[in-house]
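One-letter residues, chain by chain:
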Amino acid sequence: MPSEVPPLFQPDASQTGLQWRPATTADLDNWAELIARTAAVEHPVWFEKRGDLVHVLESTKNDPGTNTLLGFDADGVARAYGRITKNPEGDKATGMGCVDPDWQRRGVGSAVLAWQEAQTRRRFHADNAAGRSTAPPRLRIQTEEQHPHQAALLRARGYDIVRWFNEMHRPLSGPASMPAPAAPLEPGLELSTFDPSLHEAVRLAHNDAFRDHWGSEPRDEETWRFTVEEPTARPDWSAVVVDAATGEVAGYQLASHDPDSAAVRGYKEGYTELLGVRRAYRSRGIAQALLADALRRFTAAGMDIASLDVDSANPTGALALYLGMGYSPVNRSMTWEKTL
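Thresholds applied
- Residues numbered from 1 in each chain as written.
- Predicted model: local features only at pLDDT ≥ 70, side-chain atom pairs only at ≥ 80, totals over all residues.
- Heavy atoms only, no water.
- Buried < 20%, exposed > 50% of the residue type's maximum accessible area, 1.4 Å probe, protein only.
- Helix = DSSP H or I, 4+ residues; strand = E, 2+ residues; numbered from the N terminus.
- Pairing = 2+ DSSP bridges.
- Right-handed = clockwise from strand over helix to strand, strands pointing away.
- Expected span 1.5 Å × (residues − 1).

K.L.:
I'd like a description of the pairing of strand β5 (residues 138–144), backed by residues and values.
P.N.:
By the criterion of burial, β5 is predominantly enclosed, with six of the seven residues buried. Two strands pair when backbone bridges link them, and strand β4 (residues 93–99) and β5 are joined in this way by three bridges, in the parallel orientation. By the bridge assignment for β5, T94 is matched with R140. Following the backbone out of β4, through helix α5 (residues 108–129) and into the adjacent parallel β5, one traces a crossover that is right-handed. With seven bridges connecting them, β5 and strand β12 (residues 328–339) associate as antiparallel partners. Counterpart to E144 in the pairing with β12 is S333.

Structural data, given as structure tokens:
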């Protein structure tokens, strides 16, 4: 393999009608407005907010100078965006992006995807040359089933669906709602509200709990900080279960709430971002206790719906757990993958 890293690739301005460059802090408002404008038409379940983009620009593992891309029209308005992320030792890169609805069907999305693939090749080349990885370059992209135009683009570029995920809801108000089930913990296990003093202990518990989950990679301190400081995070609705004898975090539930989504989706939603139980503590009712606690917290805060996403083939039986706790599937998303 040649030692030189391949040169940076940029979309053709003459073909796309846009000028392309990496994102900077000066672009934050323009960038966030592009994503929000696209979301107002496409209605994704979730989309990045300005605070998320701040974290993108703060990343030390994914230099925004080479791993982000914005396309601007003649008036300087951001019309397209792409980025990739990759852990140096990871076996995959993940791509995200969007195209302004008024600029779709012009080849702009194809140009962004071509850039993502080229940058993925560069990242793998550099990491493999440095001895951090031996994996072939691979790019994963998540889409929702409700967006067939994205699926058509990925399929045309040789991507295949490798995993399905279910968005699940549980009513907390109205005639279909039910009280949170009783889910007591065993003696010696104590549940409490998530506290900043537990950030590192919960990170370690997360890495242990998710090491057998498909697609998951360990989260370092920086990545975990971005997780717990996500703009919609609600630590007051989050909880941990601690083994009183050892002080070890046995399980955790991290919640979020996006107040702006209620106007779009028509209901107030308490969302479980992450739910994990360490291997040594599984089959002891900890996940049920954490979920029941989350339902009570969401209800007390006036939420209409409790929601979460689950891998349809989760090896820990999470789908059956959520069904048993009264959640029902409402939307599907899929992960696409291509070896480059």
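Text resumes after the structure shown.
K.L.:
Before we move on, could you go through the pairing of β4 and cite the residues and values that matter?
P.N.:
Here six bridges tie strand β3 (residues 78–85) to β4, and the two strands are oriented antiparallel to one another. The residue bridging A80 from the neighbouring strand is V99, located in β4.

K.L.:
Quick rundown of helix α10 (residues 286–300)? Include the residues and the values.
P.N.:
Over its 15 residues, α10 runs 21 Å from end to end, which matches the ideal 21 Å to within 8%, given 1.5 Å per residue. With 11 of its 15 residues buried, α10 lies for the most part within the structure. Listing the buried residues of α10 in full gives I286, A287, A289, L290, L291, A292, D293, A294, L295, R297 and F298. Just past α10, the residue G302 takes up positive phi, approximately 85°.

What is shown is where atoms sit, not what they do.
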